[in-house]
Amino acid sequence: MKKYFKFEEFGTNYRTEFMAGLTTFLAMAYILFVNPSTLALDGIEQLPEGVTRIDKGAVFTATAVAAAVGTLIMGLLAKYPIALAPGMGLNAFFAYTVVLGYGIPWETALAGVLASGLIFIVLTVTGLRQMIIDAIPGNLKLAVGAGIGLFIAFIGFQNSGIVQNSDATLVQLGDLTAGPTMLAIFGIIVSVVFLALGIKGGIFYGMVLTSIAGMVTGLIVPPSGIDGVVSSAPSVAPTFGAAFAHFGDIFTIEMLVVILTFLFVDFFDTAGTLVAVATQAGFMKDNKLPRAGRALFADSAATVVGAAVGTSTTTSYIESTAGVGAGGRTGFASVVTAGFFILALFFSPLLSVVTAEVTAPALIIVGVLMASTLKNIDWDKFEIAVPAFFTIAAMPLTYSIATGIAIGFIFYPITMILKGRAKEIHPIMYFLFLIFILYFVFLA
């Protein structure tokens, strides 16, 4: 084992790698509860006609399985201390744009995730993925990340009751004295304190304390006995195989845009995370990441597995930097993290105490972290600022990640051509321009 993971070369040992794997797990364990809550549209009472609510227990198991499988492949094949799980932003797009916004059944949405994962594998194996990444301008990549951050935060504010509907102004400040809203505010404050103090796993610990506070105040019904904490893993029967059964439903313009969005966001989410973690750990050589193909394969394979069992797109997690900071340098740390995700399967009863008010602070804090990319956008160039701003603003305002991407990608070639910079536009961007024009023509 030591020889396979090259412990001596990286100056590490079993204890260091184990603690690094545990640290990464604690930093991202919140996804086990946030993902089922998001995909099940907790806090949303009215669903589109013909759309049912996905089973939370099945999603919990699917989340843990996808995370464990993806992280294990990353550790054993790519040998990197990088963990994977269903991505924040991608799960919000799945739930709030595809299912709630478009009225597409979750079964068909899972088929779209499966298709994107299969395409991702082909693009990775053939090397086309890098060409497509290079075709998208960096400023638009940054804008998409920031826009998704604002969208996720908006959902968090809405689910917490801090922001509510208004017939006069669309949105307004909610009743901050309401019990559930006060609980969510408590969760935000606690999470901010933890993260400001540099405590790894601050989001997860914030959710734990918020749940406890909810039980103490009577806002959340506490679990009864050991069965309320530990049990066998929930069955994935309600979601297992749905992606395959409904694969024939994806051949529409609407689903084409959905699949492209899954692909696009996962493309850059994964690439950005891999580079960030690899840079921190000192893996980059001549500005290139060794075994990058294997790492990308782990990501795409995990997405296929996740879709098959019942969850949205699986991607690499930036929280892996917590494990690297704790000394993790080899794939053994990822093997440890995968082991903890498997162990977590037996704690599904805790879903009952992780309510929408408990997960809302996590959505808001993750939104803050994602919005940090705003600082790197070239705002001084008007031809860049316009599509970037439209991308960012449209996501929360239209309640759709896909719409934000579409508007930004339509305006980018227009402003660049008007500024005399047409030669800088990659042909792929013109193709995407036409795709998104069709998106508005047929779906608007």
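Residues numbered from 1 in each chain as written. Predicted model: local features only at pLDDT ≥ 70, side-chain atom pairs only at ≥ 80, totals over all residues. Heavy atoms only, no water.

> I would appreciate a short explanation of a nonpolar patch on the surface in the present structure.
A grouping of F186, V208, L209, I212 and V216 is seen on the molecular surface, where their side chains present a nonpolar patch of about 420 Å² in accessible area. It is helix 11 (residues 202-216) that provides the largest number of residues to the nonpolar patch, a total of 4 residues. The topology assignment puts I212 in helix 11. By relative accessible area, I212 is classed as partly exposed at 41%. (Patch = residues over 30% accessible without salt bridge, like charges linked within 9 Å, V, L, I, M, F, W, Y side chains within 5 Å. Areas by Shrake-Rupley, 256 points an atom, 1.4 Å probe, with all protein chains shown as cover. Salt bridge = Lys/Arg side-chain N within 4 Å of Asp/Glu carboxyl O. Helix = DSSP H or I, 4+ residues; strand = E, 2+ residues; numbered from the N terminus. Buried < 20%, exposed > 50% of the residue type's maximum accessible area, 1.4 Å probe, protein only.)

> Even after reading the chapter, I still don't get a positive patch on the surface, so can you show me in this structure?
Taken together, K6, K285, R291 and R294 make up a surface patch of like positive charges. Note on placement: R294 falls in helix 14 (residues 292-309). Residue R294 is classed as partly exposed on the basis of its relative accessible area, which comes to 41%. (Lys, Arg positive; Asp, Glu negative; His and termini not counted. Charge placed at Lys NZ, Arg CZ, Asp CG, Glu CD.)

> Explain the pattern of salt bridges here, please?
Side chains that carry opposite charge are capable of pairing whenever their charged atoms lie near each other. Applying the stated criterion across every chain yields a total of 4 salt bridges. Put simply, K56 and D42 hold a salt bridge, and the shortest N to O gap is 2.9 Å. In this pair, K56 sits in helix 5 (residues 56-78) while D42 sits in the loop between helix 4 (31-39) and helix 5, placing the two residues 14 residues apart along the sequence. Residue D42 is classed as buried on the basis of its relative accessible area, which comes to 16%. Counted as one network, the salt bridges with shared partners bring together E383, R421 and E424.

> Would you explain the packing of aromatic side chains in this entry?
Between two aromatic rings, the relevant description is the distance of the centres plus the angle of the planes. By the definition in use, this model includes 21 aromatic pairs. In this structure an aromatic cluster arises from ring pairing among Y4, F5, F7, Y14 and F332. One Lys or Arg, K79, reaches over the ring of Y4 and ends 4.0 Å from the middle of that ring. Above the plane of the ring of Y80 lies R291, whose end atom (NZ or CZ) is 4.5 Å from the centre. (Phe/Tyr/Trp six-rings, centres within 6.5 Å; stacked < 30°, edge-to-face > 60°. Lys NZ or Arg CZ within 6 Å of the ring centre and 35° of its normal.)

> Please explain the domain arrangement of the protein as it appears in this structure.
When the parts of a complex come together, some accessible area is lost, and that lost area is often taken as the interface size. When cut into domains, the protein gives domain 1 (7-374) and domain 2 (378-443). Using C-alpha coordinates to define each centre, domain 1 is positioned 26 Å away from domain 2. Contact with domain 1, which involves 32 residues of that partner, is made by 26 residues of domain 2. Taking both partners together, domain 1 and domain 2 bury about 2500 Å²; carbon and sulfur atoms supply 82% of that area. If you sort the residues of domain 1 by the area they bury against domain 2, N139, L140 and F151 come out on top, with a joint share of 20%. (Domains from an automatic or database assignment. Contact = heavy atoms within 4.5 Å. Buried area = accessible area lost by both parts, 1.4 Å probe.)

> Looking at this model, I keep getting lost on the side chain of N139. Mind explaining?
By secondary structure assignment, the location of N139 is in helix 9 (residues 138-160). Of note is the side chain of N139, whose polar atom sits 2.8 Å from the backbone nitrogen of D378. Excluding its chain neighbours within four sequence positions, the residues that come into contact with N139 are N376, I377, D378 and I384. (Polar contact = N/O pair within 3.5 Å; in protein donor to acceptor, adjacent residues only side chain to side chain.)

> Is there a simple way to think about the nonpolar core in this case?
In a soluble, globular protein the nonpolar side chains are often hidden away together inside. If you look at the biggest cluster of nonpolar residues, it comprises 108 residues, and the most contacted ones within it are M88, F94, Y96, I405, F409 and F436. Residues from two domains meet in this core; each of domain 1 (7-374) and domain 2 (378-443) gives at least three. Each residue touching F94, except ones within four places of it in the same chain, is listed here: L39, V99, W106, A109, L110, V113, F262 and S312. Ranked by size, the runner-up nonpolar core spans 16 residues in total, among them Y80, F283, A295 and A302. (Core = buried A, V, L, I, M, F, W, Y, C linked by side-chain atoms within 4.5 Å.)

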